[in-house]
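Chain by chain, the residues:
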Amino acid sequence: MGGCFSKPKPVSFVPAVEVKIEVVIPEKERSKEEMSPNGKASPLIYKVNGTARHYHLEEHPIASNPYHNPKDVVEASVCHVKDLENGQMREVDLGCGKALLIKEGGEFHAVGHKCPHYGAPLVKGVLSKGRVRCPWHGACFNISTGDIEDFPGLDSLPRFQVKIEKEKVYIRASKQALQIQRRTKMMAKCISLSNYNLSSTNVLIIGAGAAGLVCAETLRQEGFSDRIVMCTMDRHLPYDRPKLSKSMDSHPEQIALRPKEFFRTYDIEVLTEMQVAAMDIKNKTAVFKDGFKMEYNKLLIATGNTPKALSCKGKEVENVFNIRTPEDANRVVKLATSKNVVVVGASFLGMEVAAYLTERAHSVSVVELEEVPFKKFFGERVGRAVMKMFESNRVKFYMQTEVSELREQEGKLKEVVLKSGKVLRADVCVVGVGAVPATGFLKQSGINIDSKGFIVVNKMMQTNIPGVFAAGDAVTFPLALRNNKKVNVPHWQMAHMHGRVAALNMLAHGVEISTVPYLWTAMFGKSIRYAGHGEGFDDVVIQGDLDELKFVAFYTKSDEVVAVASMNYDPIVSKVAEVLAAGRTIRKRDVETGDMSWLTGKGS
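Residues numbered from 1 in each chain as written. Predicted model: local features only at pLDDT ≥ 70, side-chain atom pairs only at ≥ 80, totals over all residues. Heavy atoms only, no water.

> Got a minute to help me understand the overall build of the protein in this structure?
Of regular secondary structure, the protein possesses 12 helices and 38 strands. Here the protein holds 604 residues, and 55% of them are scored as buried. Restricting to contacts in the protein with at least 6 residues of sequence separation, those with at least 24 account for 63%. Just so you have it, the protein exposes about 26700 Å², and 46% of that area is on carbon and sulfur atoms. (Helix = DSSP H or I, 4+ residues; strand = E, 2+ residues; numbered from the N terminus. Buried < 20%, exposed > 50% of the residue type's maximum accessible area, 1.4 Å probe, protein only. Contact = heavy atoms within 4.5 Å. Areas by Shrake-Rupley, 256 points an atom, 1.4 Å probe, with all protein chains shown as cover.)

Pasting the structure below:
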């Protein structure tokens, strides 16, 4: 059995903050956390197997001086009060590090200047109604607290003290916080782990991707102090899965979302190389492939997708890969060096792999059934522009055809035969022809599964079974942006939000999902950013120059903009995401004219 059940001694709550010295909790937020619905201070109560258990975060009053080590503190005058207008941001240098200074509603705020996800400069992002949105991947942070409010990423921003003296703006910050530029939110610990039966847990999370990890972290952040067990078929702790195709030679420890110590510190148990074979919903029990059984009180299913394999002759030949693990990606890079690579499928994964291998392989060919890459997602014109970029980087395309046979020599791949009759030399083949939800183990469970195998959930990420939640790539959920149409959105950012909403509703918070989908793809050092849900779009309005790969594409359905994509046009996608998040409708005529006044609310 992979992983382990650790049995630490009972511990009291010690909220953990990666950078303690800069954390300041607003009084109104503390009152929300520490007051019950009747207005009286009380610990939170959660029922476990019918027994009420009490838990709370250890109280930490706000000190008048939150900086424990005066030598670690820097204070600097950064500007005159009139230097910033309302709604403006400025990156300021404090001598030993930078901060993001923001003025909104007549008040100044100072937080970390880099997005904790991939380090994007937030000064180039979008400021709107008390939060700043990252220009690269859409993560959002509260400017008063620094807390992360939308994803991707796990950490929040450090918050710094601001004071005004003689019309000058001063920022007081710890040197350590300025250097680290990220903050882990306060979390509870499990108070009685040593008393548990190893075959039972309060919360069981099946799947250790973004949805599962964010669910576990959110529970701890909300003060949940009972047992949490995550199980995964993978051999690794949760890692940054998008990097498997964007940075293929990354080792598992380089792309880990959290270090091992994190899981030990916050009593989040992870069982690796453990596959759930069946669910006994009536008895609240997960049955594992090796026969082990685990009872649960609350369940999150976040199993993601399983890559589709080729069904052609010779599909079992050696050196044919689906990229599912870091080992897969590493192996492909090693085998592809100075060799001939064939990528089957011009999907996001397929195209990112092709781009990554171009400088390493002798040749890279892409086989695709459609006429142009990304036609259904980005439209034909954008797809052709992307295809042209690949061709200028020595990638050869074989479109509107499929693989009919994989030929071998001494058991290893030698040639890929296409239905068109073309024979391609190939030492390595990467398959990226889509995926199916990994939900086969739920067929007889009673959990509602649609005709395509997706788990059906409501706005609170709950299935038709009380206490059973689902999140991530394996679900369909009501998307507020599209009038609550049930959709599947297999994006990294969305999986994060699913996990958070599921956790909050395990604690009966009644939170509904309302985020705007946001994704990105990276190829040849360039990124396409995308926000919204363009499924079924009937027209594309393009501004900019496709040939120069500097453009923004608006996807419309009838008279409404439903999605946007851009390349070298930041932060337009984050701006549109904020407009959509505010519930405003963008009309087709607004984007056809080129007048961008609608971005500031001055349009229709």
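After that view, the rundown keeps rolling.
> Explain the sheet that holds strand β4 (residues 88–93) here, please?
Strands in a sheet are paired, the pairing made by backbone hydrogen bonds, and the direction either parallel or antiparallel. Spatial ordering of the open sheet is given by β3-β12-β11-β6-β5-β4, a layout of six strands whose pairing is antiparallel. Of all the strands in the sheet, just β3 (73–80) and β4 have a single pairing partner and so form its edges. Averaged over all pairs of adjacent strands, the angle between strand axes in this sheet comes to 30°, irrespective of strand direction. Taken together, the two bridges between strand β6 (residues 107–111) and strand β11 (residues 159–165) define a ladder with antiparallel strand orientation. The residue of β11 that forms the bridge with V111 is R159. (Pairing = 2+ DSSP bridges. Axes fitted to C-alpha atoms, helices over the stretch in contact; angles between N-to-C directions.)

> Can you walk me through the packing of aromatic side chains in this structure?
Working definition: an aromatic ring pair is given by the centre-to-centre distance plus the angle between the planes. Under the criterion given, the structure shown has 15 aromatic pairs. Taken together, a centroid distance of 5.1 Å and an interplanar angle of 90° make the contact between F377 and F378 edge-to-face. Residue class for F378 comes out buried when judged on its relative accessible area of 0%. Site record: aromatic cluster; members linked through ring pairs are F348, F374, F377, F378, Y530, F537 and Y555. In this structure, R258 packs its charged tip against the face of F262, placed 4.5 Å from the ring centre. Directly above the aromatic system of Y398 lies the positively charged group of K396, at a separation of 5.9 Å from the ring centroid. (Phe/Tyr/Trp six-rings, centres within 6.5 Å; stacked < 30°, edge-to-face > 60°. Lys NZ or Arg CZ within 6 Å of the ring centre and 35° of its normal.)

> When you look at the pattern of salt bridges in this model, what are you seeing that I'm missing?
Charged atoms that come close allow side chains of opposite charge to pair. What the rule picks out here adds up to 27 salt bridges. Two residues, R182 and D155, come together in a salt bridge whose shortest N-O distance is 3.1 Å. Of this pair, R182 sits in the loop between α2 (175–180) and β13 (203–206) while D155 sits in the loop between β10 (148–150) and β11, and the two are 27 residues apart along the sequence. The exposure class of D155 is buried, given its relative accessible area of 5%. Counted as one network, the salt bridges with shared partners bring together E75, K163, E165 and R172. (Salt bridge = Lys/Arg side-chain N within 4 Å of Asp/Glu carboxyl O.)

Such coordinate-based values are descriptive only and should not be taken to indicate function.
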